Amino acid sequence: MKVNHALIKWPDKAARAPAEETFMPTKPPNAKAVTAQLERILNSSDFNASRRLKNFLRFVVTETLKGNAGQIKAYTIAVTVFGRTHSFDPQTDPVVRIEAGKLRSKLEHFYYARAGKESIRIDIPKGGYIPTFEALTSEAPSDAPQDAPLPGNLAEAGDVFQE
């Protein structure tokens, strides 16, 4: 599978060291590290009460890591995650947009409450539902395996998305 480098955030120029110092960009996070971060997020108190948001986040991250980011659309999320029928129309039913806003808020709170403690940021940029993965430090947490490049083979989601 090919890696869509547009989904991986690299440190911006403003964050770089002065010109006289050597700067090595942070490596993009690998699939296992992203998956470990996803599990930390889903097991946090921020997500305890919301199975819908857990399922939403798990679905978009898993599909992105599998290389299916181009197929993450409001319709797919509504049918797969929220159990809407195949006649779902995202123009008349805003469920995915509403839940995406809630998910972005929960993620923002998760990272705000843990400022400096997380090494990978999973974000859902406004205007879409495809997550981005950003290495916040040069090293992932010690409990995150480092041996698989992005995207990786993840276990099938199976019944994870059932409500």
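Since the structure is predicted, the reported quantities are computational estimates derived from the model, not experimental observations.

How each quantity is defined
Residues numbered from 1 in each chain as written. Predicted model: local features only at pLDDT ≥ 70, side-chain atom pairs only at ≥ 80, totals over all residues. Heavy atoms only, no water. Phe/Tyr/Trp six-rings, centres within 6.5 Å; stacked < 30°, edge-to-face > 60°. Helix = DSSP H or I, 4+ residues; strand = E, 2+ residues; numbered from the N terminus. Buried < 20%, exposed > 50% of the residue type's maximum accessible area, 1.4 Å probe, protein only. Axes fitted to C-alpha atoms, helices over the stretch in contact; angles between N-to-C directions. Parallel < 35°, antiparallel > 145°, perpendicular 65-115°, else oblique. Contact = heavy atoms within 4.5 Å. Core = buried A, V, L, I, M, F, W, Y, C linked by side-chain atoms within 4.5 Å. Polar contact = N/O pair within 3.5 Å; in protein donor to acceptor, adjacent residues only side chain to side chain. Pairing = 2+ DSSP bridges. Expected span 1.5 Å × (residues − 1).

Caption draft 1: Looking closely at the packing of aromatic side chains. Applying the stated rule across the entire model yields 4 aromatic pairs. Seen from their ring centres, Phe 56 and Tyr 129 are 6.4 Å apart, and the 50° between their planes marks the pair as tilted. On the criterion of sequence distance, the pair formed by Phe 56 in helix 2 (residues 51-65) and Tyr 129 in the loop between strand 2 (120-123) and strand 3 (132-135) is long-range, its members being 73 residues apart. Grouping residues by exposure puts Phe 56 and Tyr 129 together as buried. An angle of 90° between the planes, with centres 5.0 Å apart, marks the rings of Phe 110 and Tyr 111 as edge-to-face. Note on accessibility: Phe 110 and Tyr 111 belong to one class, buried. These aromatic residues form a ring-pair network of at least three members: Phe 56, Phe 82 and Tyr 129.

Caption draft 2: Layout of the packing of helix 2 against helix 4 (residues 95-113). The contact between helix 2 and helix 4 brings their axes to 10 Å, and the two run at 90°. As judged from the angle between their axes, helix 2 and helix 4 are roughly perpendicular. Mapping the contact onto sequence places Arg 52, Leu 53, Phe 56 and Leu 57 in helix 2 and Val 95, Val 96, Glu 99, Ala 100, Lys 102, Leu 103, Lys 106 and Leu 107 in helix 4.

Caption draft 3: Quick peek at the nonpolar core. Phe 56, Leu 57, Val 60, Val 61, Ile 77, Val 96 and Ile 122 are the most contacted members of the largest nonpolar core, which totals 33 residues. Elements supplying a minimum of two residues to this core: helix 1 (31-42), helix 2, helix 3 (74-80), helix 4 and strand 2. Every residue in contact with Val 61, bar those within four places of it in the chain, is listed here: Val 34, Leu 38, Ile 122, Pro 131 and Phe 133.

Caption draft 4: View of the environment of Arg 84. Among the structural elements, Arg 84 can be located in the loop between helix 3 and helix 4. By relative accessible area, Arg 84 is classed as partly exposed at 29%. Between the C-alpha atoms of Arg 84 and Val 95, which are 11 residues apart in sequence, the distance is 9.6 Å. Discounting chain neighbours no more than four positions away, the residues touching Arg 84 are Ala 78, Val 79, Asp 93 and Val 95.

Caption draft 5: Region of the structure containing the side chain of Ser 50. Note that Ser 50 resides in the loop between helix 1 and helix 2. Given a relative accessible area of 16%, Ser 50 falls into the buried group. In this structure the side chain of Ser 50 is engaged in a polar contact, spanning 3.2 Å, whose partner is the backbone nitrogen of Leu 53.

Caption draft 6: Summary view of the pairing of strand 2. Across the two faces of strand 2 the burial is the same, with Ile 120 and Ile 122 and Arg 121 and Asp 123 all buried. Of the strand pairs in this sheet, strand 2 and strand 3 are connected by 4 bridges, and their pairing is antiparallel. Bridged to Ile 120 within strand 3 is Ala 135.

Caption draft 7: A look at helix 2. With 15 residues, helix 2 extends 21 Å between its outermost C-alpha atoms, agreeing within 8% with the 21 Å of an ideal straight helix rising 1.5 Å per residue. Counting buried positions over the 15 residues of helix 2 gives 11, a clear majority of the element. When helix 2 is considered as a whole, its buried residues turn out to be Leu 53, Asn 55, Phe 56, Leu 57, Phe 59, Val 60, Val 61, Thr 62, Glu 63, Thr 64 and Leu 65. Residues of helix 2 that are buried sit in contact with helix 1, helix 3, helix 4, strand 2 and strand 3. Of the residues trailing helix 2, Gly 67 is marked for its positive phi of about 95°.

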